[in-house]
Amino acid sequence: GFNVQAEPFDDVRVRQAINHAIDVDLIVETIYTGQAERAVSPISSDVFGANLDLEPYTYDPELARELLAEAGYPDGFSTSIWTNDNPQRMEIAEIVQAELANIGVQVDVQVVEWGTYLADTAAGLHDMFILGWVTVTGDADYGLYALFHSSQFGDPGNRTFYANERVDELLDAARVETDPDTRVELYAEAQEILQEDAPWIFLIVTTEEHGVSNAIEGFVPHPAGHHRLYNVTKN
């Protein structure tokens, strides 16, 4: 995520440039060894309301350089990216650091203690940061409202401090709409705007694999990892 209220990330062209500068397929293949897929939206295709028509940002460092130049940074700039001590996130930060160096953006990777990390990103003291989010309800509201509504700055979830009046309207309307088809339309438009505004580097959605003995019956994996075991039996 970017702190979109801090320079230079208050310019959408900078955020788009960085999205074009990151080879997400490299992250999927090397860090997740294929156990993830590229994200095109803040929510995965399994979530109700996911916009399945979005295309991911292309890996295009030359376009990234052009966008930076248009934004007034032809020689790049210096910034930092925060992560906690999660090994995969630390590896992602190192790849982002290397990729952005190719377009002239010098990144200082900072590994921050978890409590400080949460408190300081909630306070907006960061430039860029790495976090994850699980849409545990399976509904787009949980995956979009807390992260992108302007009423949710800081601790509630919107650590990018992103605000867009139209996105607010769409998320508010979808919260009270009872027709599922209309909700899908509202969320689809919101995701189109979010992808264009790029408050995040859209990275990955992880996939789950479970090893289960042939003696086990009734195990159904829960997509959010909250496995319900009350129907599980052993032969």
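The structure this text deals with has already been given above.
Cut-offs used in this document
- Residues numbered from 1 in each chain as written.
- Predicted model: local features only at pLDDT ≥ 70, side-chain atom pairs only at ≥ 80, totals over all residues.
- Heavy atoms only, no water.
- Helix = DSSP H or I, 4+ residues; strand = E, 2+ residues; numbered from the N terminus.
- Rg over C-alpha atoms; globule rule 2.2 N^0.38 Å.
- Buried < 20%, exposed > 50% of the residue type's maximum accessible area, 1.4 Å probe, protein only.
- Contact = heavy atoms within 4.5 Å.
- Areas by Shrake-Rupley, 256 points an atom, 1.4 Å probe, with all protein chains shown as cover.
- Lys, Arg positive; Asp, Glu negative; His and termini not counted.
- Charge placed at Lys NZ, Arg CZ, Asp CG, Glu CD.
- Salt bridge = Lys/Arg side-chain N within 4 Å of Asp/Glu carboxyl O.
- Pairing = 2+ DSSP bridges.
- Axes fitted to C-alpha atoms, helices over the stretch in contact; angles between N-to-C directions.
- Parallel < 35°, antiparallel > 145°, perpendicular 65-115°, else oblique.
- Left-handed = near helix turned anticlockwise from the far one by under 90°.
- Nonpolar A, V, L, I, M, F, W, Y, C, P; charged D, E, K, R; others polar.
- Phe/Tyr/Trp six-rings, centres within 6.5 Å; stacked < 30°, edge-to-face > 60°.
- Patch = residues over 30% accessible without salt bridge, like charges linked within 9 Å, V, L, I, M, F, W, Y side chains within 5 Å.

Draft legend 1. Up close: the overall build of the protein. Of regular secondary structure, the protein possesses eight helices and seven strands. The C-alpha radius of gyration of the protein comes to 19 Å, within 12% of the 18 Å expected for a compact globule of 235 residues. For the protein, the spread of C-alpha atoms along the principal axes amounts to about 65 × 40 × 35 Å. Across the 235 residues in the protein, those meeting the buried criterion constitute 46%. Within the protein, counting contacts between residues at least 6 apart in sequence, those at least 24 apart form 69% of the total. Of the roughly 11,800 Å² of accessible surface on the protein, 47% is carried by carbon and sulfur atoms. In the protein, which carries 11 positive and 41 negative side-chain charges, the distance between the mean positions of the two groups comes to 5 Å.

Draft legend 2. A look at the pattern of salt bridges. Applying the stated rule across the entire model yields seven salt bridges. We note a salt bridge from Glu62 to Arg65, for which the minimum N-O separation is 3.3 Å. Pair noted here: Glu62 and Arg65 are both in helix H3 (residues 61-70), with a separation of three residues, about one helical turn. When its relative accessible area of 33% is taken as the criterion, Arg65 is described as partly exposed. A salt bridge links Arg159 to Asp155; the shortest N-O distance between them is 3.8 Å. Classification of Arg159 by relative accessible area gives buried; the value is 9%.

Draft legend 3. Representation of the sheet that holds strand S3 (residues 106-111). The strand order across the open sheet built from three strands is S3-S2-S4, with neighbouring strands paired in parallel fashion. With partners counted over all chains shown, the strands left at the sheet margins are S3 and strand S4 (128-129), one partner each. Summarising the sheet, strand S2 (residues 78-83) and S4 pair through two bridges and their orientation is parallel. Across the sheet, Ile81 pairs through a bridge with Met128, a residue of S4. Each of S2 and S4 is contacted by helix H5 (residues 114-122), which is oriented at about 130° to S2, the strand it contacts most.

Draft legend 4. Geometry of the packing of helix H7 (residues 165-176) against helix H8 (residues 180-197). Two elements in contact, H7 and H8, have axes whose closest approach is 9 Å; the angle formed by their N-to-C orientations is 155°. The angle between H7 and H8 places the two elements in the roughly antiparallel class. Note that H7 runs across H8; the crossing there is left-handed. Every residue of H8 that contacts H7 at Arg166, Val167, Leu170, Leu171, Ala173, Ala174 and Arg175 is listed here: Arg183, Leu186, Tyr187, Glu189, Ala190 and Ile193. Per-class residue counts for the contact of H7 with H8 are nine nonpolar, no polar and four charged.

Draft legend 5. Local environment of the packing of aromatic side chains. What the rule picks out here adds up to ten aromatic pairs. Between Phe2 and Phe9, the aromatic rings sit 5.2 Å apart at their centres with planes inclined by 25°, giving stacked as the arrangement. Here the two residues Phe2 and Phe9 agree in accessibility, since each one is buried. Ring centres of Phe9 and Phe77 lie 5.9 Å apart, and the angle between their planes is 80°; on these two criteria the pair is classed as edge-to-face.

Draft legend 6. Quick peek at a nonpolar patch on the surface. Nonpolar side chains collect at one region of the surface, where Trp133, Val134, Val136 and Tyr142 lie side by side and expose about 330 Å² of accessible area between them. Given a relative accessible area of 44%, Val134 falls into the partly exposed group.

Just geometry here; none of it tells us what the structure is for.
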